[in-house]
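Summary of the model geometry
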Amino acid sequence: MYEFFSQISNVLTQPLINLARSFESIPILFAFLIGVVGAMAPCQFSGNIGAITLYGNKSLQKGLAWMDVFFFTFGKIVVFTGLGLLVWFLGREFPRELTVYFPWFRKIIGPMFVIVGIFMMGLIKMNWTLTLFELPKQFFKKGKLGSFLMGISFSLGFCPTMFVLFFITLMPIVLSTSYGVVLPSLFAVGTSLPLFIAIFLIWFYGASGTVMKKGRKIGFYVQRVAGVIMVILGVLDTITYWTI
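So, how was this worked out
Residues numbered from 1 in each chain as written. Predicted model: local features only at pLDDT ≥ 70, side-chain atom pairs only at ≥ 80, totals over all residues. Heavy atoms only, no water. Phe/Tyr/Trp six-rings, centres within 6.5 Å; stacked < 30°, edge-to-face > 60°. Helix = DSSP H or I, 4+ residues; strand = E, 2+ residues; numbered from the N terminus. Buried < 20%, exposed > 50% of the residue type's maximum accessible area, 1.4 Å probe, protein only. Contact = heavy atoms within 4.5 Å. Core = buried A, V, L, I, M, F, W, Y, C linked by side-chain atoms within 4.5 Å. Patch = residues over 30% accessible without salt bridge, like charges linked within 9 Å, V, L, I, M, F, W, Y side chains within 5 Å. Areas by Shrake-Rupley, 256 points an atom, 1.4 Å probe, with all protein chains shown as cover. Salt bridge = Lys/Arg side-chain N within 4 Å of Asp/Glu carboxyl O. 1 Å grid on protein atoms, 1.4 Å probe; cavity = no way out; pocket = protein on both sides within 12 Å on 5 of 7 lines; lining within 4 Å. Points joined across faces, edges and corners; volume = space filled by probe spheres on them. Nonpolar A, V, L, I, M, F, W, Y, C, P; charged D, E, K, R; others polar.

As for the packing of aromatic side chains
The tally for this structure, following the rule as stated, stands at 14 aromatic pairs. An angle of 25° between the planes, with centres 6.2 Å apart, marks the rings of Trp66 and Phe196 as stacked. Remark: Phe196 occurs in helix α11 (residues 193-204) and Trp66 occurs in helix α4 (residues 66-90); sequence separation between them is 130 residues. Look at Trp66 and you get partly exposed, because its relative accessible area is 33%. Among the residues examined, Phe196 registers a relative accessible area of 26% and is labelled partly exposed. Here the aromatic rings of Phe166 and Phe167 are separated by 5.0 Å at their centres, their planes lie at 90°, and the arrangement is edge-to-face. Across the pair, exposure class does not vary: Phe166 and Phe167 are buried alike. Three or more aromatic residues joined by ring pairs make a cluster, and in this case those are Phe80, Phe163, Phe166, Phe167 and Phe187.

Written out as structure tokens, the structure reads:
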């Protein structure tokens, strides 16, 4: 399964890599384009599809989910900027210590998709009032904190491709540029570009809130279908990253 995702990634990223290399003399643009390449990396590919499904469904039912997308991207910015600063202050050898933990961070995403999908399908009901369940309620209903945490978890899910793009390709530019501290955040924004495009298309074609306008019954089925997609993605993602 991982090889399948890798093949798709290679097809999509090679033209983008060539484009990014042509702008290597412009660090700001280079960092963003390398982030776009990262969006197609095997460990980000299924994650971006899941995010598009989740926030696309919300946009169709309740209105454009720009705030959720913003907090999702902000979570990514925090992680990549934090990693960039750690490398900046602690030296180039620091990333080697992180390779032990990245695979475990990546393995969390699949089960998380399954849980979110089951909730969207209505198979989990959260009616408790215990403080313990406040975080899940915010995660699934309010969305802002959940989107931020999801952005963080996606960013920590490194694979070899992302490791090379961020630490080997981007960080030397960061360390050699006077304004290098801002480059990881541009990289983070680049990794969210497919999500921005999806929400933009929903806005452009005037589809936001369409399901709500046509009735609750349609919304019921749309959310259930999105939940099924999330569960399938989660199962495939779990199989992929728990068997390598």
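A closer look at helix α10 (residues 183-191)
The element α10 is largely enclosed, with a buried count of seven among its nine residues. Taken together, the buried positions of α10 are occupied by Leu183, Pro184, Ser185, Phe187, Ala188, Gly190 and Thr191. The inward-facing, buried residues of α10 abut α2 (27-39), α3 (42-62), α4, α9 (160-176) and α11.

Brief notes about the nonpolar core
Generally speaking, nonpolar side chains in soluble globular proteins are found buried as a group. The biggest cluster of nonpolar side chains holds 28 residues, and the ones touching the most others in it are Phe80, Phe158, Met162, Phe166, Phe167, Leu170 and Phe187. For this core, the secondary-structure elements that each account for two or more residues are α2, α4, α9 and α10. The element best represented in this core is α9, accounting for nine residues. Membership of the second largest hydrophobic core comes to 19 residues, among which are Leu54, Tyr55, Val69 and Ile202.

A look at a nonpolar patch on the surface
Judged by side-chain polarity, Ile28, Leu85, Leu86, Trp88, Phe89, Leu90, Tyr179, Val181 and Val182 come together as a nonpolar surface patch covering roughly 820 Å² of accessible area. Within the secondary structure, Leu86 sits in helix α4. Looking at Leu86, the relative accessible area reads 36%, which means it is partly exposed.

Remarks on the side chain of Ser59
With respect to the helices and strands, Ser59 occurs in helix α3. Residue contacts for Ser59: discarding those within four places in its chain leaves Leu64, Ala65, Ile199, Ile202, Ala207, Ser208 and Gly209.

Looking at empty space enclosed by the protein
Overall, the coordinates contain one cavity of 30 Å³ or more when judged by the stated rule. In this structure, the largest cavity encloses a volume near 30 Å³. The wall of the largest cavity is formed by Thr81, Gly84, Leu85, Trp88, Val174, Gly180, Val181 and Pro184. Per-element tally for the lining of the largest cavity: the top contributor is α4, with four residues. A class-by-class count of the residues in the lining of the largest cavity yields five nonpolar, three polar and no charged.

All we've got here are geometric facts, nothing functional implied.
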